[in-house]
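Analysis of the macromolecular model
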Amino acid sequence: MRLGIIGLPNSGKTTLFNALTRQNLATAAASSGQFEVHTAVVNVPDPRVDRLSAMYNPRKTIYATITYADIGGLDKGISQGGLKGQFRQELAQADGFVHVVRAFQDDTVPHPYVTVDPARDVEILDAEFLLSDLVAVEKRLEKLHGDLRIRGKTVDKAVPIELELMEKLKAQLEADRPLRDLELTADELRLIRGYGFLSLKPVLIVLNLGDDPGDSAITLHYDHRQSAVVALRGKIEAELAQLDAADAAVFMEEYGITELSAARVIRLSYELLAIQSFFTVGEDEVRAWSIPVGATAPEAAGAIHSDLQKGFIRAEVMKYDDLIAAGSEAALRASGKLRLEGRDYVVKDGDIVHIRHSS
Ligand SMILES: Nc1nc2c(ncn2[C@@H]2O[C@H](COP(=O)(O)OP(=O)(O)OP(=O)(O)O)[C@@H](O)[C@H]2O)c(=O)[nH]1
Ligand SMILES: [Mg+2]
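Residues numbered from 1 in each chain as written. Chains lettered and ligands numbered in written order. Predicted model: local features only at pLDDT ≥ 70, side-chain atom pairs only at ≥ 80, totals over all residues. Heavy atoms only, no water.

**Looking at the overall build of the protein chain**
The cut-off we apply is this: We count a stretch as a helix when DSSP gives it H or I for four or more residues in a row; a strand needs E for two or more, and each element gets its number in order from the N terminus. Each residue is assigned to one of three classes by its accessible area relative to the maximum for its type, calculated with a 1.4 Å probe on protein chains only: buried under 20%, partly exposed between the two thresholds, exposed over 50%. Each accessible area is a Shrake-Rupley estimate made with a 1.4 Å probe; only the visible protein chains count as cover when residues are assessed. Charged residues are defined narrowly, with Lys and Arg counted positive, Asp and Glu counted negative, and His plus the chain ends left uncounted. By convention, the point assigned to a charge is CZ for Arg, NZ for Lys, CD for Glu and CG for Asp.
When helices and strands are tallied, the protein chain shows 13 helices and 12 strands. Taking the principal axes of the C-alpha coordinates as reference, the protein chain spans close to 70 × 65 × 30 Å. Taken over 359 residues, the protein chain has a buried fraction of 47%. Counting only carbon and sulfur atoms, one obtains 50% of the accessible surface of the protein chain, whose full area is about 18200 Å². Of the side-chain charges in the protein chain, 41 are positive and 53 negative, and the distance between the mean point of each set is 8 Å.

**Some points on the site of ligand 1**
Going by this rule: The rule for a residue being near a molecule or strand is that one of its heavy atoms must lie within 4 Å of it. Two N or O atoms form a polar contact when they lie within 3.5 Å of each other; inside protein one atom must be a possible hydrogen donor and the other a possible acceptor, and for residues adjacent in sequence the pair counts only when both atoms belong to side chains. The residue classification treats Ala, Val, Leu, Ile, Met, Phe, Trp, Tyr, Cys and Pro as nonpolar and Asp, Glu, Lys and Arg as charged. All others, Gly included, are polar.
Near ligand 1 there are 20 residues, and of these Gly-12, Lys-13, Thr-14, Thr-15 and Ser-31 occur at the shortest range. Within the backbone of Asn-10, an N or O atom sits 3.1 Å from an oxygen atom of ligand 1. Within the contact set of ligand 1, an oxygen atom lies 2.8 Å away from a side-chain nitrogen or oxygen of Lys-13. Protein contact buries 89% of the 650 Å² of open area that ligand 1 shows by itself. When contributions to the shell around ligand 1 are tallied by element, the ones reaching two or more residues are helix H1 (13–21) and helix H7 (234–241). Element by element, the count of residues in the shell around ligand 1 is highest for H1, at three residues. When the residues that make up the shell around ligand 1 are grouped by side-chain class, the tally is seven nonpolar, 10 polar and three charged.

**Details of the environment of Ile-313**
Convention followed: The contact criterion used is simple: two residues touch if any of their non-hydrogen atoms lie within 4.5 Å.
Along the chain, the position of Ile-313 falls in strand S10 (residues 312–318). When the C-alpha positions of Ile-313 and Arg-140 are compared, they lie 43 Å apart, and in sequence the two are 173 residues distant. Dropping the residues within four chain positions of it, Ile-313 is found in contact with Arg-356, His-357 and Ser-358.

**With respect to the nonpolar core**
Note that soluble globular proteins tend to have their nonpolar side chains buried in a common cluster. To be explicit about the condition: Grouping buried Ala, Val, Leu, Ile, Met, Phe, Trp, Tyr and Cys residues that are joined through side-chain atoms within 4.5 Å yields what is termed a nonpolar core. In this document the domain limits rely on a domain assignment from an automatic tool or a database.
Core analysis: the biggest nonpolar cluster contains 36 residues, and Ile-5, Leu-16, Leu-20, Leu-52 and Tyr-68 have the highest contact counts within it. With five residues, helix H9 (residues 261–272) is the single largest residue contributor to this core. Each of domain 1 (2–45 + 63–118 + 199–272) and domain 2 (294–357) contributes no fewer than three residues to this core. Sequence-distant contacts of Leu-20, that is, excluding residues within four places in its chain, are made with Ile-5, Val-42, Tyr-68, Ala-262, Val-265 and Ile-266.

**Considering the pairing of strand S8 (residues 275–280)**
Put simply, the rule reads: Note on pairing: two strands pair once DSSP finds at least 2 bridges between them.
Of all six residues in S8, six are buried, a share of seventy percent or more. Both faces of S8 are covered, namely the face carrying Ile-275, Ser-277 and Phe-279 and the face carrying Gln-276, Phe-278 and Thr-280. Two elements, S8 and strand S9 (residues 285–292), share six bridges in a ladder whose sense is antiparallel. Paired with Ser-277 across the bridge in S9 is Ser-290. The turn linking S8 back onto S9 is made up of four residues.

**Some words on the side chain of Ser-199**
Its location among the elements puts Ser-199 in the loop between helix H6 (186–192) and strand S6 (203–208). In this structure Ser-199 comes out as buried when scored by relative accessible area, which is 2%. Reaching out from Ser-199, the side chain makes a polar contact with the backbone nitrogen of Leu-179 at a distance of 3.0 Å. What Ser-199 contacts, discounting residues up to four positions off in sequence, is Leu-130, Asp-133, Leu-173, Pro-178, Leu-179 and Arg-180.

**Describing H1**
When you tally the buried positions in H1, you get nine out of nine residues, the bulk of the element. One or two residues past the end of H1 sits Arg-22, with phi positive at roughly 55°.

**Overview of a negative patch on the surface**
To keep it simple, the criterion reads: A patch consists of residues whose relative accessible area exceeds 30% and which take part in no salt bridge; residues with like charges are grouped when within 9 Å of each other, and nonpolar side chains (Val, Leu, Ile, Met, Phe, Trp, Tyr) when within 5 Å. By definition, a salt bridge exists where a carboxyl oxygen of Asp or Glu is found within 4 Å of a side-chain nitrogen of Lys or Arg.
On the surface, a cluster of negative charge is made up of Glu-138, Glu-142, Glu-167 and Glu-174. Of all the elements in the fold, those that place two or more residues in the negative patch are helix H4 (118–151) and helix H5 (158–174). Along the chain, Glu-174 falls in helix H5. Exposure remark for Glu-174: the relative accessible area of 48% places this residue in the partly exposed category.

In structure tokens form, the structure reads like this:
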């Protein structure tokens, strides 16, 4: 899973990237405004994994991960005539976005539109994404209409279906609404998956607050599907991410911070992607695996290895809460709470799964 960190120049993208990934990339008051991408993989914090690891004492403990990409260079006008090349590719391949919006006042850091105005800034990039999608939809419509004209009555029956769908997307975009607000069927989503439409992707808006205590009152209304808003103090979080746990604790007390937001942002972005975790356990490793909500037992097996999906026989499933309540796997087995599930079983978040297979 890959999340693109986007935002206007100087909004604090790299600062947030550093806070989430514990890196120390240079930030600058003078934005270069250039297309530039930095990526890092982070563990998704999960107390359940910690607990299971304490129970099984495995050689390895592996958390679910998310890749964050700090994408510099987005600004007003970028989608005029369609996003091009590497830039388009980088955005299109993201599974979702973390949209950093400046809410901090700081005269030493110039704002590209002078005043600090989070709602306006969100609008600016949203409009760019709508325009980028509209250009792509119109291009596709042109091609589909061309196919209809050339081949006349013997046209592939998929063409009119896609045409109708594209017209629906176009109407949505022309009404200034993101594609993720449309209720599309699984079939429709499959049809358009290859286009990488930007306004279809889930988005987490991060309000980057300053240190002024009054900043905590700043809010933003963003009433769209598959989206959420969180606020944090990016600069402090980035500084804290550089410290070891003991020093960070002292620092946090000084600033009156009870919990780091970075961990919360990582979890929120994981949930926003509509993915969930199941676990495998043993002496060798305790591991969290990511699957889409709604995935079946064979699909979960496939996340581990394609051979396990092909040779799938059954899944032994322990509920996380049952295991914790029982105290050990042996006790859970003795109580008859180990379940045997077949191909149609829909795996739930927190399931501990052992795949029986024939391969
Ligand atoms: N006061 C204050 N300054 C911040 C905060 N977050 C970022 N800055 C400063 O704002 C400047 C820009 O931050 P960056 O993280 O580089 O912003 P960016 O969005 O990555 O900028 P570009 O990649 O150049 O577009 C730097 O000087 C940061 O130190 C914050 O929460 N408070
Ligand atoms: Mg940057």
